[in-house]
Amino acid sequence: MSTQLGRKKGASYVLVTIGIATTLSLVLMGIRPTIQPSFASRDVATNLLQADRSKTMATTNSNNKTISIVLAHGLWADASSWSKVIPILKKAGYNVIAVQQPLHSLKDDVATIKRAIELAGGPVILVGHSFGGFEITNAAYNNPNVKGLVYIAAFAPDNGESTANFVDIKKLPKDLLIVDSGGFAYINPAFFHDTFAQDLDKAQTDVMAVTQMPVNQSMFTEKSGPPAWKQLPTWFQVSENDHLIPPNAERMFAQRMNATTISLPSSHASLVSHPNEVAQFILNATKEVTQRHIEVK
């Protein structure tokens, strides 16, 4: 057995030696031999090519996901209001941050969103629902990391405007708001379904009413600073059956910003009742912003 192996190795050595000598002779004679790669060489080349293709695909995918998405909720809600939208955005491969605003003051909420922008560590697109639109309008102003703004049934104020310019709190139905000893207002749970999300199952809105975050009443009259929507591309989703922000006001915001606009037959809580449409709208905006960002690079 060992003798046979030795003979085979010897024969292989002789063949290799002859091959090298023949190749050198041809080269000296000015003839360039055609060398066929061995099966092993072909396998190595194929593996390297496949690895290079995989690396290219990974780079392309990475380029398509350079923008993070920061979500800002509105009044009488919390970050969980995005719970149906987030999985769709994550499945598309984006880094997503849903900000939990304290709703104590506009200044505090804007600072919270700015920290989320910093945490994302790169370019972001901001998405605001309801009063969240008020907040992203201010948080994104002169912020070089913000590349676009998406408003979901939201306020989009100009400089010096407050929510009182569009919704008269004094004209709201009696007993709609319950105010605690600290001056924080809740939506009366008995009114929550019909006011906030009439197109959802009442069992679901009952949970939303219990988990709502109260808002400091002072925020109703706080004035906006210079608006970022004058600096950035914008998108706006109008809720045609909104009982909190008048749909006409939403359309005015969209037109004033020259925003890419869609309308949904939705309550104020469109992100909960129409999550697929809202998520796709955000993805479309994010893809467009991403493409612009890559082209600028």
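Values in this document were obtained by computation on a predicted structure and should not be read as measured data.

A. Quick peek at the overall build of the protein chain. Looking only at helices and strands, the protein chain features 10 helices and 9 strands. Here the protein chain holds 297 residues, and 44% of them are scored as buried. In the protein chain, the share of contacts with a sequence separation of at least 24, taken over all contacts with a separation of at least 6, comes to 72%. Here the protein chain displays about 15700 Å² of accessible surface, and carbon together with sulfur accounts for 57% of that area.

B. The environment of Phe166, seen in detail. Inspection of the secondary structure assignment puts Phe166 in the loop between β4 (146-152) and β5 (177-179). Expressed as a C-alpha distance, the spacing of Phe166 and Phe155, which sit 11 residues apart in the sequence, is 8.7 Å. Not counting residues within four places of it along the chain, the set of residues in contact with Phe166 comprises Phe155, Glu161, Pro246, Met252, Phe253 and Arg256.

C. The arrangement of the side chain of Thr234 in detail. Tracing the sequence through the fold places Thr234 in strand β8 (residues 234-239). For Thr234, a relative accessible area of 5% gives the class buried. Those residues within four positions of Thr234 in sequence are excluded, and the remaining contacts are Leu149, Tyr151, Trp229, Met257, Asn258, Ala259 and Thr260.

D. Representation of the packing of helix α4 (residues 106-120) against helix α5 (residues 131-139) in the model. At a minimum axis distance of 9 Å, the contact between α4 and α5 shows a crossing angle of 65°. With respect to each other, α4 and α5 are oriented roughly perpendicular. Handedness of the α4/α5 crossing: right-handed. Along the contact surface, α4 presents Leu106, Asp109, Val110, Ile113, Lys114 and Ile117, while α5 presents Phe131, Phe134, Glu135, Ile136, Asn138 and Ala139.

E. View of the nonpolar core. Among the nonpolar cores identified, the biggest contains 78 residues, and Leu89, Leu126, Leu149, Val150, Tyr151, Phe196 and Ile282 are the most heavily contacted of them. In terms of residues, this core owes the most to one element, helix α10 (residues 275-296), which gives 7 residues. Apart from the residues lying within four places of it in its own chain, the contact partners of Ile282 are Ile69, Leu71, Trp82, Val85, Leu89, Val127 and Val150.

F. Representation of helix α7 (residues 202-211) within the structure. Taken as a whole, α7 has its buried residues at Thr205, Met208 and Ala209. Projected onto a plane normal to the axis of α7, the buried residues spread over an arc of 100° and lie on a single side. Turned more than 90 degrees away from the buried face of α7 sit Ala203, Val207 and Val210, all of them exposed. For α7, the secondary structure elements touched by its buried residues are α6 (189-196) and α9 (270-273). Put simply, Asp201 is the residue that caps the front of α7, since its side-chain oxygen is 2.8 Å from the backbone nitrogen of Ala203.

G. A look at the sheet that holds β5. With antiparallel pairing, the 3 strands of this open sheet are ordered in space as β5-β6-β7. Each end of this open sheet is capped by a strand with a single partner; those strands are β5 and β7 (215-216). Both strand β6 (residues 184-187) and β7 contribute to a ladder of 2 bridges, which runs antiparallel. When the bridges of β7 are listed, Phe184 appears paired with Asn216.

H. Looking closely at the pattern of salt bridges. In this structure the tally under the stated criterion is 4 salt bridges. Across the salt bridge formed by Lys230 and Asp158, the nearest N and O atoms sit 3.3 Å from each other. Residue Lys230 is found in the loop between β7 and β8, and its partner Asp158 is found in the loop between β4 and β5; the two are separated by 72 residues along the sequence. Of the residues examined, Lys230 reaches a relative accessible area of 55% and is grouped as exposed.

I. Inspection of the pairing of strand β9 (residues 260-264) at higher detail. Bridge count for β8 against β9 is 5 bridges, and the pairing is parallel. Each bridged residue has a counterpart across the sheet, and for Phe236 the counterpart in β9 is Thr261. Taken together, β8, helix α8 (residues 247-257) and β9 form a β-α-β motif whose crossover is right-handed.

J. Layout of the packing of α6 against α7. Relative to each other, α6 and α7 sit at 120°, their axes nearing to 9 Å. Classified by the angle between their axes, α6 and α7 sit oblique to one another. In this structure, α6 meets α7 at a crossing whose hand is right-handed. Residue-level inspection shows Pro189, Phe192, His193 and Phe196 of α6 in contact with α7, the latter providing Lys202, Thr205, Met208 and Ala209. Residues of the contact of α6 with α7, tallied by class, amount to 5 nonpolar, 2 polar and 1 charged.

Cut-offs applied
Residues numbered from 1 in each chain as written. Predicted model: local features only at pLDDT ≥ 70, side-chain atom pairs only at ≥ 80, totals over all residues. Heavy atoms only, no water. Helix = DSSP H or I, 4+ residues; strand = E, 2+ residues; numbered from the N terminus. Buried < 20%, exposed > 50% of the residue type's maximum accessible area, 1.4 Å probe, protein only. Contact = heavy atoms within 4.5 Å. Areas by Shrake-Rupley, 256 points an atom, 1.4 Å probe, with all protein chains shown as cover. Axes fitted to C-alpha atoms, helices over the stretch in contact; angles between N-to-C directions. Parallel < 35°, antiparallel > 145°, perpendicular 65-115°, else oblique. Left-handed = near helix turned anticlockwise from the far one by under 90°. Core = buried A, V, L, I, M, F, W, Y, C linked by side-chain atoms within 4.5 Å. Arc of directions from axis to C-beta. Polar contact = N/O pair within 3.5 Å; in protein donor to acceptor, adjacent residues only side chain to side chain. Pairing = 2+ DSSP bridges. Salt bridge = Lys/Arg side-chain N within 4 Å of Asp/Glu carboxyl O. Right-handed = clockwise from strand over helix to strand, strands pointing away. Nonpolar A, V, L, I, M, F, W, Y, C, P; charged D, E, K, R; others polar.

Keep in mind these numbers describe shape, not what the thing actually does.
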